[in-house]
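Each chain is listed here by its residues.
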Amino acid sequence: MQNKNLVVKKSRNGKGLFSKINFKKNEKILKVVGKLITCDVADNIDEETRANTYRYNKDLYLSPKGKLGNFINHSCNPNTKVAKEGKDLFIVAIKNIVKGKEIFFDYSTITASDDIWEMKCNCDSIKCRHIIGQFKSLPKKLRNLYTSLEIVPSYILNI
């Protein structure tokens, strides 16, 4: 699965999304597309789908199952963020990304205080936190940095 600027390849964590071109800081890399779902416990959703959703608003999540957005891995040292513009979610570079590099964002930045989810981290970054969970679980200094750099969607901060 690929497009003109991105390709899914083998990565440290199974499959990942990689750049086929250079991206500049603040450049949109990908529009995240998929199906809006609720992720209620009673919903008939498999755990893999549930674990790979993007928080969309207070009540909904976006499942990119079968789409490029499903292959973006987490890193405690991300090179992108999730940004919501109107009704659309985008992956946006937060630093320059050179051709061939894997695209990462910090999953905690789209995990609100009412989300019941955490993951053991395998990013191998020197900044690795080892457990990924809600945004509010991040160290205060990192929360403040992410907020000041506008890496966290406003709807996450308000839930």
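In what follows, the structure referred to is the one given above.
Not measured: the values here are computed from a predicted model.

Trainee: What should I look at first to understand the sheet that holds strand 9 (residues 88-93) in this one?
Mentor: Strand pairs in the sheet, formed through backbone hydrogen bonds, run parallel or antiparallel to each other. Spatially, 3-9-8 is the arrangement adopted by the three strands of the open sheet, whose pairing is antiparallel. Of all strands in the sheet, those bounded by a partner on one side alone are strand 3 (28-32) and strand 8 (80-85). Taken pair by pair, the neighbouring strands of this sheet meet at an average axis angle of 30°, ignoring direction. Pairing of strand 8 with strand 9 involves six bridges; the strand directions are antiparallel.

Trainee: Help me understand the sheet that holds strand 5 (residues 54-55), please; the structure alone is not making it clear to me.
Mentor: Read from one edge to the other, the open sheet built from three strands follows the order 4-6-5, with strand pairing classed as antiparallel. The open sheet has two edge strands, strand 4 (35-37) and strand 5, and neither has a second partner. Pairing analysis gives two bridges linking strand 5 to strand 6 (residues 61-63), with the strands arranged antiparallel. When the sheet's bridge partners are listed, Y54 is paired in strand 6 with L62.

Trainee: I'm lost on the pattern of salt bridges in this one. Help?
Mentor: If charged atoms from side chains of opposite charge come close, those side chains can pair. Throughout the structure, instances matching the rule amount to six salt bridges. The partner of D124 in a salt bridge is R12, with the nearest N and O atoms 3.8 Å apart. With a gap of 112 residues between them, D124 in the loop between strand 11 (119-120) and strand 12 (131-132) and R12 in the loop between strand 1 (6-11) and strand 2 (14-19) connect regions that are remote in the sequence. Overall, the relative accessible area of 49% leaves R12 in the partly exposed class. Across the pair K28 and E85 runs a salt bridge, and its minimum N-O distance is 2.8 Å. Separated by 57 residues along the polypeptide, K28 in strand 3 and E85 in strand 8 bring together distant segments of the chain. Judged by relative accessible area, E85 falls into the partly exposed class, the value being 39%. Among the charged side chains, a network of salt bridges with common partners joins R55, D114 and D115.

Trainee: What is the right way to look at the layout of surface pockets in this model?
Mentor: Empty space among the atoms becomes visible once a probe the size of a water molecule is rolled across them. As a volume, the largest pocket reaches approximately 620 Å³. Among the elements of the structure, helix 1 (47-51) and strand 5 are those that each provide at least two residues to the lining of the largest pocket. Counting residues per element, the lining of the largest pocket draws most heavily on helix 1, which supplies three residues. Considered class by class, the residues forming the lining of the largest pocket number 11 nonpolar, six polar and eight charged. Approximately 310 Å³ is the volume found for the second largest pocket. What lines the second largest pocket is a set of 15 residues, and nearest its centre among them are I94, L145, Y146, L149 and I151. Among the elements that make up the lining of the second largest pocket, the one with the highest residue count is helix 2 (residues 140-148) (three residues).

Trainee: Explain the packing of aromatic side chains to me, please; I cannot follow it from the model alone.
Mentor: To describe a pair of aromatic rings, you give the distance between the ring centres and the angle between the ring planes. Using the criterion set out here, one finds three aromatic pairs in the structure. With 5.1 Å between their ring centres and 55° between their planes, F105 and Y107 make a pair best called tilted. Geometrically, the ring pair formed by Y107 and W117 is tilted, given 6.2 Å between the ring centres and 50° between the ring planes. Residue Y107 is found in the loop between strand 10 (104-105) and strand 11, and its partner W117 is found in the loop between strand 10 and strand 11; the two are separated by 10 residues along the sequence. In this structure Y107 comes out as buried when scored by relative accessible area, which is 12%. Looking at W117, the relative accessible area reads 26%, which means it is partly exposed. By way of ring pairs, the aromatic residues Y54, F105, Y107 and W117 are connected into one cluster. The residue whose ring lies beneath K28 is F90, and the NZ or CZ to ring-centre distance is 4.2 Å. When the ring centre of Y56 is taken as origin, the NZ or CZ atom of K84, which lies over that ring, is 3.8 Å away.

Analysis parameters
- Residues numbered from 1 in each chain as written.
- Predicted model: local features only at pLDDT ≥ 70, side-chain atom pairs only at ≥ 80, totals over all residues.
- Heavy atoms only, no water.
- Pairing = 2+ DSSP bridges.
- Helix = DSSP H or I, 4+ residues; strand = E, 2+ residues; numbered from the N terminus.
- Axes fitted to C-alpha atoms, helices over the stretch in contact; angles between N-to-C directions.
- Salt bridge = Lys/Arg side-chain N within 4 Å of Asp/Glu carboxyl O.
- Buried < 20%, exposed > 50% of the residue type's maximum accessible area, 1.4 Å probe, protein only.
- 1 Å grid on protein atoms, 1.4 Å probe; cavity = no way out; pocket = protein on both sides within 12 Å on 5 of 7 lines; lining within 4 Å.
- Points joined across faces, edges and corners; volume = space filled by probe spheres on them.
- Nonpolar A, V, L, I, M, F, W, Y, C, P; charged D, E, K, R; others polar.
- Phe/Tyr/Trp six-rings, centres within 6.5 Å; stacked < 30°, edge-to-face > 60°.
- Lys NZ or Arg CZ within 6 Å of the ring centre and 35° of its normal.

Scope: geometric values only; no functional claims are made or implied.
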